[in-house]
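Summary of the model geometry
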Amino acid sequence: MSGSSNGSSADDSTAPAAGSAAPSRSGRGPVGRPCSVAATLSVVGEKWALLAVRELSFGNHRFDAIARNTGAPRDILTTRLRALEAAGILERRRYQERPPRFEYHLTDQGRDLAPVLQTLASWGDRWLTEEPPVVFEHGDHELDVAVMCRGCGREVEAGSVRIHVHAKGWDRAGPVG
């Protein structure tokens, strides 16, 4: 199976507009705080979606390799790959005419998820494993992930960021009015 079957699923949705809330399960509009985190998670917040992006970033482009390396059920992986394609995170490229077979490649938007994966891996290495199962290298040394502020050039530490809510009808505590 190449992951190109024609079935459709309720999970085959595209992302809401940047900064909007995650869509409700009923499809009747956003639920919860308007937030870029919610919008991002509506696209890549499901386990198999991010693991597929991981595999593509590791250079595994074919459906069978992605399925094997993620452990995702094939039908669910097909749905996730379609949703990632619809969201502009990956693109399908035909590599065989008969039967038609496709590879998956990250777009610029998908490649921009690399720091997210590296940060998640760093957190997991610190809190969940005794020894990292994968090591990222940057130049001639092991990558030590940090969030840096481009404005001042300093590392951002927990508790050092102020939050200003710009979403109409919301403040830090929740909905107002």
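Throughout what follows, the structure given in this document is the object of discussion.

What counts and what doesn't
- Residues numbered from 1 in each chain as written.
- Predicted model: local features only at pLDDT ≥ 70, side-chain atom pairs only at ≥ 80, totals over all residues.
- Heavy atoms only, no water.
- Helix = DSSP H or I, 4+ residues; strand = E, 2+ residues; numbered from the N terminus.
- Contact = heavy atoms within 4.5 Å.
- Areas by Shrake-Rupley, 256 points an atom, 1.4 Å probe, with all protein chains shown as cover.
- Core = buried A, V, L, I, M, F, W, Y, C linked by side-chain atoms within 4.5 Å.
- Buried < 20%, exposed > 50% of the residue type's maximum accessible area, 1.4 Å probe, protein only.
- Salt bridge = Lys/Arg side-chain N within 4 Å of Asp/Glu carboxyl O.
- Patch = residues over 30% accessible without salt bridge, like charges linked within 9 Å, V, L, I, M, F, W, Y side chains within 5 Å.
- Lys, Arg positive; Asp, Glu negative; His and termini not counted.
- Charge placed at Lys NZ, Arg CZ, Asp CG, Glu CD.

Along its length, the chain carries six helices and eight strands. Walking the chain from its N terminus toward its C terminus, one meets helices and strands in the order β-β-α-α-α-α-β-β-α-α-β-β-β-β. Taking contacts inside the chain between residues at least 6 apart in sequence as the whole, the part at least 24 apart equals 45%. Of the accessible surface of the chain, which amounts to about 12300 Å², a share of 51% is contributed by carbon and sulfur atoms.

Further remarks concern the nonpolar core. In this structure, V44, V53, L77, L81, L84, I89 and Y104 are the most contacted members of the largest nonpolar core, which totals 23 residues. Of all the secondary-structure elements, those providing two or more residues to this core are α1 (36-44), α2 (47-57), α3 (63-70), α4 (74-86) and β4 (101-106). Of all the elements, α2 adds the most residues to this core, at seven residues. When neighbours within four sequence positions are excluded, L84 is seen to be in contact with V43, V44, A49, A52, V53, I89 and L90.

One pass over the structure, following the stated rule, counts eight salt bridges. The salt bridge involving R92 is made with E85; its shortest N-O contact spans 3.6 Å. A relative accessible area of 32% means that R92 is categorised as partly exposed. With a shortest N-O distance of 2.7 Å, E91 and R93 are connected by a salt bridge. Assessed through its relative accessible area of 38%, R93 is described here as partly exposed.

Our next topic: a negative patch on the surface. On the surface, E137, D140, E142, D144, E155 and E157 cluster together into a patch of negative charge. Note on placement: D144 falls in the loop between β6 (141-142) and β7 (170-171). Judged by relative accessible area, D144 falls into the exposed class, the value being 68%.

Cis geometry is adopted by the peptide bond preceding P99, which originates at R98 and carries an omega value of -15 degrees. Looking at where P99 falls in the secondary structure, it is placed in the loop between β3 (90-96) and β4.

Quick look at a nonpolar patch on the surface now. A contiguous nonpolar patch, built from W123, W127 and L128 and spanning about 420 Å² of accessible area, is present on the exposed surface. Residue classification places W127 among the exposed residues on the basis of a relative accessible area of 53%.

The values reported here are purely geometric and, on their own, carry no functional implication.
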